[in-house]
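# Architecture and fold: a report
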Amino acid sequence: MADNTVHKGILKTWKDDRGFGFIQPDGGDKDIFIHISSLKGMARRPQRGDVIVYRVAREADGKLKAVDASIEGVAYQAAPSKPVKFWRWLVALLLGLISAAAAAYFYR
(Lines give C-alpha, C1' and ligand atoms only; values in the text may rest on other atoms or scores of the structure.)
Protein backbone atom coordinates (compact mmCIF):
# COMPACT_ATOMS: atom_id res chain seq x y z
CA MET A 1 0.00 0.00 0.00
CA ALA A 2 1.42 3.36 -1.04
CA ASP A 3 1.56 6.43 1.15
CA ASN A 4 0.06 9.39 -0.74
CA THR A 5 2.55 11.81 0.81
CA VAL A 6 5.13 13.12 -1.65
CA HIS A 7 8.71 12.79 -0.39
CA LYS A 8 12.00 14.12 -1.69
CA GLY A 9 15.55 12.95 -1.27
CA ILE A 10 18.99 12.57 -2.84
CA LEU A 11 19.89 9.45 -4.79
CA LYS A 12 22.69 8.24 -2.52
CA THR A 13 23.67 5.12 -4.46
CA TRP A 14 22.75 3.83 -7.91
CA LYS A 15 23.73 0.55 -9.57
CA ASP A 16 22.86 1.27 -13.20
CA ASP A 17 23.76 -2.23 -14.38
CA ARG A 18 21.22 -3.68 -11.91
CA GLY A 19 18.64 -0.87 -12.12
CA PHE A 20 18.31 0.03 -8.45
CA GLY A 21 19.67 2.25 -5.73
CA PHE A 22 18.88 4.01 -2.46
CA ILE A 23 17.47 7.46 -1.72
CA GLN A 24 18.55 9.43 1.34
CA PRO A 25 15.29 11.17 2.37
CA ASP A 26 15.32 14.88 3.14
CA GLY A 27 14.33 14.32 6.76
CA GLY A 28 17.32 12.13 7.53
CA ASP A 29 15.12 9.04 7.81
CA LYS A 30 16.28 5.55 6.85
CA ASP A 31 17.36 5.13 3.20
CA ILE A 32 14.61 4.10 0.76
CA PHE A 33 15.06 1.47 -1.94
CA ILE A 34 14.24 2.56 -5.52
CA HIS A 35 13.98 0.40 -8.64
CA ILE A 36 14.22 1.73 -12.21
CA SER A 37 10.60 0.65 -12.81
CA SER A 38 9.50 3.40 -10.38
CA LEU A 39 10.96 6.02 -12.74
CA LYS A 40 8.84 5.25 -15.81
CA GLY A 41 8.93 7.79 -18.60
CA MET A 42 11.99 9.75 -17.52
CA ALA A 43 14.09 11.22 -20.35
CA ARG A 44 17.27 9.75 -18.83
CA ARG A 45 18.38 7.18 -16.31
CA PRO A 46 19.04 8.32 -12.76
CA GLN A 47 22.49 9.30 -11.54
CA ARG A 48 24.00 9.47 -8.08
CA GLY A 49 23.22 12.89 -6.57
CA ASP A 50 19.89 13.37 -8.41
CA VAL A 51 17.00 14.79 -6.40
CA ILE A 52 14.20 12.20 -6.47
CA VAL A 53 10.54 12.99 -5.80
CA TYR A 54 8.59 9.88 -4.78
CA ARG A 55 5.88 8.21 -2.75
CA VAL A 56 6.56 5.36 -0.32
CA ALA A 57 5.08 1.86 -0.44
CA ARG A 58 5.62 -1.12 1.83
CA GLU A 59 6.70 -4.38 0.18
CA ALA A 60 5.28 -7.76 1.20
CA ASP A 61 8.34 -8.37 3.41
CA GLY A 62 7.73 -5.06 5.22
CA LYS A 63 10.56 -3.10 3.61
CA LEU A 64 9.87 0.38 2.24
CA LYS A 65 10.40 1.31 -1.39
CA ALA A 66 9.97 4.38 -3.58
CA VAL A 67 7.10 4.35 -6.09
CA ASP A 68 5.68 6.89 -8.57
CA ALA A 69 9.11 8.52 -8.64
CA SER A 70 10.60 11.21 -10.84
CA ILE A 71 13.94 12.96 -11.14
CA GLU A 72 13.60 16.63 -10.23
CA GLY A 73 14.39 18.86 -13.21
CA VAL A 74 14.32 16.01 -15.74
CA ALA A 75 11.53 15.98 -18.29
CA TYR A 76 9.33 13.04 -19.08
CA GLN A 77 9.92 11.33 -22.38
CA ALA A 78 7.08 11.65 -24.83
CA ALA A 79 5.23 8.37 -25.08
CA PRO A 80 5.81 6.75 -28.44
CA SER A 81 2.77 7.15 -30.63
CA LYS A 82 0.96 3.95 -31.44
CA PRO A 83 1.07 3.16 -35.14
CA VAL A 84 -2.29 2.96 -36.82
CA LYS A 85 -3.00 -0.60 -37.75
CA PHE A 86 -2.94 -1.43 -41.46
CA TRP A 87 -6.45 -2.86 -41.37
CA ARG A 88 -7.85 0.49 -40.23
CA TRP A 89 -6.40 2.16 -43.29
CA LEU A 90 -7.76 -0.61 -45.48
CA VAL A 91 -11.28 -0.27 -44.04
CA ALA A 92 -11.18 3.51 -44.50
CA LEU A 93 -10.03 3.09 -48.11
CA LEU A 94 -12.76 0.53 -48.86
CA LEU A 95 -15.46 2.73 -47.32
CA GLY A 96 -14.22 5.65 -49.41
CA LEU A 97 -14.32 3.59 -52.60
CA ILE A 98 -17.81 2.27 -51.83
CA SER A 99 -19.03 5.81 -51.13
CA ALA A 100 -17.52 7.11 -54.38
CA ALA A 101 -19.05 4.25 -56.38
CA ALA A 102 -22.48 4.80 -54.79
CA ALA A 103 -22.30 8.54 -55.48
CA ALA A 104 -21.30 7.93 -59.10
CA TYR A 105 -24.14 5.42 -59.58
CA PHE A 106 -26.92 7.52 -58.02
CA TYR A 107 -25.84 10.93 -59.35
CA ARG A 108 -25.37 10.22 -63.07
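Everything numeric in this text was worked out from a predicted model, so none of it was measured. (Residues numbered from 1 in each chain as written. Predicted model: local features only at pLDDT ≥ 70, side-chain atom pairs only at ≥ 80, totals over all residues. Heavy atoms only, no water.)

### Digging into the overall build of the chain
- Along its length, the chain carries 1 helix and 5 strands.
- For the chain, whose C-alpha radius of gyration is 25 Å, the value lies well above the compact-globule estimate of 13 Å for 108 residues.
- For the chain, the spread of C-alpha atoms along the three principal axes comes to 85 × 25 × 25 Å.
- Considering the chain as a whole, with its 108 residues, one finds that 23% of them fall into the buried category.
- In the chain, of all internal contacts separated by at least 6 residues, the share reaching a separation of at least 24 is 51%. (Helix = DSSP H or I, 4+ residues; strand = E, 2+ residues; numbered from the N terminus. Rg over C-alpha atoms; globule rule 2.2 N^0.38 Å. Buried < 20%, exposed > 50% of the residue type's maximum accessible area, 1.4 Å probe, protein only. Contact = heavy atoms within 4.5 Å.)

### Digging into the side chain of Ser-70
- In this structure, Ser-70 sits in strand E5 (residues 64-71).
- Beyond its immediate stretch of four places on either side in the chain, Ser-70 contacts Leu-39, Met-42, Val-51, Ile-52, Val-53 and Tyr-76.

### Describing the pairing of E5
- Bridge analysis of strand E4 (residues 51-58) against E5 gives 6 bridges, and the strand direction is antiparallel. By the bridge assignment, Val-56 is partnered in E5 with Ala-66.
- As consecutive antiparallel partners, E4 and E5 are separated by 5 residues, and within that stretch Gly-62 has a phi angle of approximately 95°, a positive value. (Pairing = 2+ DSSP bridges.)

Limitation: the analysis is restricted to geometry and does not speak to function.
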